[in-house]
Structure formats: structure tokens, C-alpha cells
Amino acid sequence: MAKLCCFGSQASGGKSTHGAGKGKGTQGPIKYGYNLVKGKANHPMEDYHVAKFVHHQGHELGLFAIYDGHLGDGIPAYLQKHLFNNILKEEEFWTDPNRSISKAYERTDQAILTHNPELGRGGSTAVTAILINGQSLWVANVGDSRAVLSRRGKAIQMSIDHEPNTERGSIENKGGFVSNMPGDVARVNGQLAVSRAFGDKNLKNHLRSDPDVKDASIDRDTDLLILASDGLWKVMSNQEAVDIAIKIKNPQKAAKQLSVEALYRESKDDISCIVVHFKG
């Protein structure tokens, strides 16, 4: 991922998860598929994902996430292992999901910063979606990985892209600055192209890690959900992605087609995509 502008070599981590897969829930027709493609940048794959159904305290939960790392894959790998567990450990999760998700995001970031020597100096975006009993959807994000819901074929963005220019006031109030140098992309302190992220200890005084959280009810008009890293969204609008995915019944094939189209449009970043079909 090209979130961070730096000089010198990048830190490398262990093997990240890339490829394709699919699955389905036990309640109703809901199915998911995912596809991950390494970008053209000269570093290992830094995108990680979660896509699975679990049973927890008598409920079926669909857990879906994209973690888009920079300066190595230590932080996204940590998030893949811990973030959902931390959310579900929150005592108020069933009564106040919004507050619980926000608290878990920030507590996870504090744990990452505490473990900084082992995890390296990098960071990660995150977009997470929790589907409760196939009926209630909770989406949260930091950074520019995005979630898009389709209702009657219309794209509805469920996350907020946290970009330095849109949160310049917060950054400057903390003593940081936003610069388009080097290059032509706005960056925090001339380095990071997102204004919220996990990790990034060297920039943390000027960054936020609190998520935006949004919920939606899944009804008969709800078609699908797309989660993807910015390797997709840099070259494709929300509606274009929905128009492609809605025509393909198999969600794994839909996720692959989105990746293929992004590559055709010359996306050079890692491309990670999850598609959840609510109608089977």
C-alpha cells in the first residue's frame, strides 16, 4: 500500500493472507466471497482480511474486515488476530454496539503502541463489518478502506474516508501539518496519506484512531455489501462497484471481477475485496 511516503527501505513482515475464498451463514441465504491481489509496489502484500461466520452467545455473527497496512504487515496481521475478539469482549456489545466498537478500536490501538518494538513502525487502516443474526449490520472504519452497501441497486457508503485535507483542523490543532510535498497527495506531516490509522507511533500525536461507526438494518431491499481497500476505490466509484457485483450471483466471482476491473483500470496498489450477498 502507498499510504506512507518515506525514504529508505521498508520493513517487511511475515507472509500475509492473499488469494480467494468463500463461505455462507447457517441462517438464511447469506453468502460471502473474497479476493486479494498483490499490487505492483516493490514490497510484500500488506492487506489482510477477515471473512467468516461464528456463533457467539447464542447469536450468529458475520465478521468481515479489510486491514490495509503500510511500512510492513505487522499491524494488519495483529488486527486480523485481535480486533474482532476485542470488540466482542466488550461487556456492552449487545446493548451498545456503537460505543463498544469505538472503545475496542481505541484499546486495540493502545495495545499496538505498547507492543510497538515487536510490531514495527508501520500502521494500518481498518474497515470492519459485523452482521448480527443476518438482520443488523454495524460498520466501523479508520483510514480509507471503505464499506459500500447496495439497496435496490443503489450504492450507499457506510464508511468515511479519513483523508488529511478533510481533517486538517484536527491535525493542526494537535501540532501537525498537512502537506502535498513530496508528491501530489495530501499527507500528515508530509508522510501519511490518511488522517486516522492504527499504529504509526511516530505520527500518533497528530493522528486519530477513533472510528466512525454506522449501522443499517438488512431487509428485503438490501442486495449486498462490499468491503475493499483503496486499491479498488482509487479507480472505481461506489456505484460502479455495485453495478459490477450485483450482476454476479457468486460473491467470490464478484469479488474477483472487481479486482480484475481495478487492475484493468491500472490500479497499482494491493487490492482486497469482500462481497457479501444477502439474497443468496
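Cut-offs applied
- Residues numbered from 1 in each chain as written.
- Predicted model: local features only at pLDDT ≥ 70, side-chain atom pairs only at ≥ 80, totals over all residues.
- Heavy atoms only, no water.
- Helix = DSSP H or I, 4+ residues; strand = E, 2+ residues; numbered from the N terminus.
- Rg over C-alpha atoms; globule rule 2.2 N^0.38 Å.
- Buried < 20%, exposed > 50% of the residue type's maximum accessible area, 1.4 Å probe, protein only.
- Contact = heavy atoms within 4.5 Å.
- Areas by Shrake-Rupley, 256 points an atom, 1.4 Å probe, with all protein chains shown as cover.
- Pairing = 2+ DSSP bridges.
- Axes fitted to C-alpha atoms, helices over the stretch in contact; angles between N-to-C directions.
- Salt bridge = Lys/Arg side-chain N within 4 Å of Asp/Glu carboxyl O.
- Patch = residues over 30% accessible without salt bridge, like charges linked within 9 Å, V, L, I, M, F, W, Y side chains within 5 Å.
- Lys, Arg positive; Asp, Glu negative; His and termini not counted.
- Charge placed at Lys NZ, Arg CZ, Asp CG, Glu CD.
- pLDDT = per-residue confidence, 0-100.
- Expected span 1.5 Å × (residues − 1).
- Phe/Tyr/Trp six-rings, centres within 6.5 Å; stacked < 30°, edge-to-face > 60°.
- Parallel < 35°, antiparallel > 145°, perpendicular 65-115°, else oblique.
- Left-handed = near helix turned anticlockwise from the far one by under 90°.

Undergrad: Could you clarify how one ought to interpret the overall build of the protein in this entry?
TA: Of the regular secondary structure elements, the protein holds 7 helices and 15 strands. For the protein, whose C-alpha radius of gyration is 18 Å, the value lies close to the compact-globule estimate of 19 Å for 280 residues. Projected onto the principal axes, the alpha-carbon positions of the protein cover approximately 50 × 45 × 35 Å. Here the protein holds 280 residues, and 55% of them are scored as buried. Long-range pairs, those at least 24 residues apart, make up 66% of the contacts in the protein with a sequence separation of at least 6. For the protein, the exposed area adds up to about 12,200 Å²; of that, 48% sits on carbon and sulfur atoms.

Undergrad: Which parts of the structure should I look at to understand the sheet that holds strand S14 (residues 222-228)?
TA: What holds strands together in a sheet is hydrogen bonding between their backbones, with the strands either parallel or antiparallel. Across the sheet, which stays open at both edges, the 6 strands sit in the order S1-S2-S15-S14-S8-S9 with antiparallel pairing between neighbours. Of all strands in the sheet, those with a lone pairing partner are strand S1 (20-24) and strand S9 (154-157), marking the two edges. Taken over all neighbouring pairs, the strand axes of this sheet differ in orientation by 15° on average, direction set aside. Where strand S8 (residues 146-151) and S14 come together, 6 bridges link them in antiparallel fashion. Residue pairing across strands places Leu149 opposite Leu225, the latter belonging to S14.

Undergrad: Can you help me understand the pairing of strand S7 (residues 136-142) in this one?
TA: Residues in a regular strand project their side chains so that they alternate between the two faces of the sheet. Of all 7 residues in S7, 6 are buried; the element is thus mostly enclosed. Pairing of strand S6 (residues 126-132) with S7 involves 7 bridges; the strand directions are antiparallel. Among the inter-strand pairings, Leu131 is bridged to a residue of S7, identified as Leu137. Connecting S6 to the next strand, S7, in antiparallel fashion are 3 residues, including Asn133 with a positive phi near 55°. As judged from the 6 bridges shared by S7 and strand S13 (residues 212-217), these two strands associate in the antiparallel manner.

Undergrad: I would appreciate a short explanation of the pattern of salt bridges in the present structure.
TA: For side chains bearing opposite charge, pairing can occur when the charged atoms are close. Taken as a whole and judged by the stated rule, the model has 19 salt bridges. For Asp210, the salt bridge identified is with Arg196, shortest N-O distance 3.5 Å. You can see Asp210 sitting in the loop between strand S12 (198-199) and S13 and its partner Arg196 sitting in the loop between strand S11 (187-188) and S12, a full 14 residues away along the chain. A relative accessible area of 5% places Arg196 in the buried class.

Undergrad: Would you explain unusual backbone geometry in this entry?
TA: One can expect most non-glycine residues to show negative phi and most peptide bonds to be in trans. Residue Asn133 is not a glycine yet carries a positive backbone phi of 55°. For Asn133, the position within the fold is in the loop between S6 and S7. Phi is positive for Glu266, close to 70°, though the residue is something other than glycine. Among the secondary structure elements, Glu266 is positioned in the loop between helix H7 (251-264) and strand S15 (271-277).

Undergrad: Honestly, a positive patch on the surface in this entry has me stumped. Any pointers?
TA: Taken together, the side chains of Lys22, Lys24, Lys31 and Lys253 present a region of like positive charge at the surface. With respect to the element layout, Lys31 can be found in strand S2 (residues 31-37). With a relative accessible area of 35%, Lys31 lands in the partly exposed category.

Undergrad: What is the right way to read the confidence of the model for the protein from this model?
TA: Parts of the model with low pLDDT should not have their predicted coordinates read in detail. The pLDDT averaged across the protein works out to 89; a share of 91% of its residues lies at or above 70. For the stretch residues 4-17, pLDDT sits under 50, and the model shows 35 contacts to residues farther than four places along the chain or on other chains.

Undergrad: Quick question: what am I supposed to make of the pairing of S2 here?
TA: Most of S2 is tucked away, with 5 of its 7 residues classed as buried. Relative to S2, S1 is paired through 5 bridges, and the arrangement is antiparallel. Of the residues in S2, the one forming a bridge with Lys22 is Gly33.

Undergrad: In this structure, what is going on with helix H2 (residues 97-114)? I would like to understand it.
TA: Every α-helix carries 3.6 residues per turn, so stepping three or four residues along brings you back to the same face. The end-to-end C-alpha distance of H2 is 25 Å, a good match for the 26 Å that 18 residues give at a rise of 1.5 Å each. Within the span of H2, buried status applies to Pro97, Ser100, Ile101, Ser102, Ala104, Tyr105, Thr108, Asp109, Ile112 and Leu113.

Undergrad: Could you clarify how one ought to interpret helix H1 (residues 74-89) in this entry?
TA: Taking 1.5 Å per residue as the helical rise, H1 with its 16 residues ought to reach 22 Å, and the 23 Å between its terminal C-alpha atoms agrees with that figure. Listed in full, the buried residues belonging to H1 are Ile75, Pro76, Tyr78, Leu79, Leu83, Phe84, Asn86, Ile87 and Leu88.

Undergrad: So what exactly am I meant to see when it comes to the packing of aromatic side chains here?
TA: The way to describe two aromatic rings as a pair is by their centre distance and the angle between their planes. Inspection of the entire model under this criterion finds 5 aromatic pairs. Ring plane angle 65° and centroid distance 5.5 Å describe the contact between Tyr32 and Phe64, whose orientation is recorded as edge-to-face. Here the residue Tyr32 occupies a position in strand S2, and Phe64 occupies one in strand S4 (residues 59-70), the gap between them amounting to 32 residues. Taken individually, Tyr32 and Phe64 each receive the classification buried, so the pair is uniform in this respect. Grouped by ring-pair contacts, the aromatic residues Tyr32, Phe53 and Phe64 constitute a single cluster.

Undergrad: Hey, could you run me through the packing of H1 against H2 in this one?
TA: When two helices pack together, you describe them by how their axes are tilted relative to each other and by the distance separating the axes. Closest axis-to-axis distance for the H1/H2 pair is 10 Å, and the angle between their directions is 140°. Here H1 is positioned oblique relative to H2, judged by the angle of their axes. As for how H1 packs across H2, the hand of that crossing is right-handed. On the side of H1, the interface is formed by Ile75, Tyr78, Leu79, Leu83, Asn86 and Ile87, while H2 contributes Ile101, Ala104, Tyr105, Thr108, Ala111 and Ile112.

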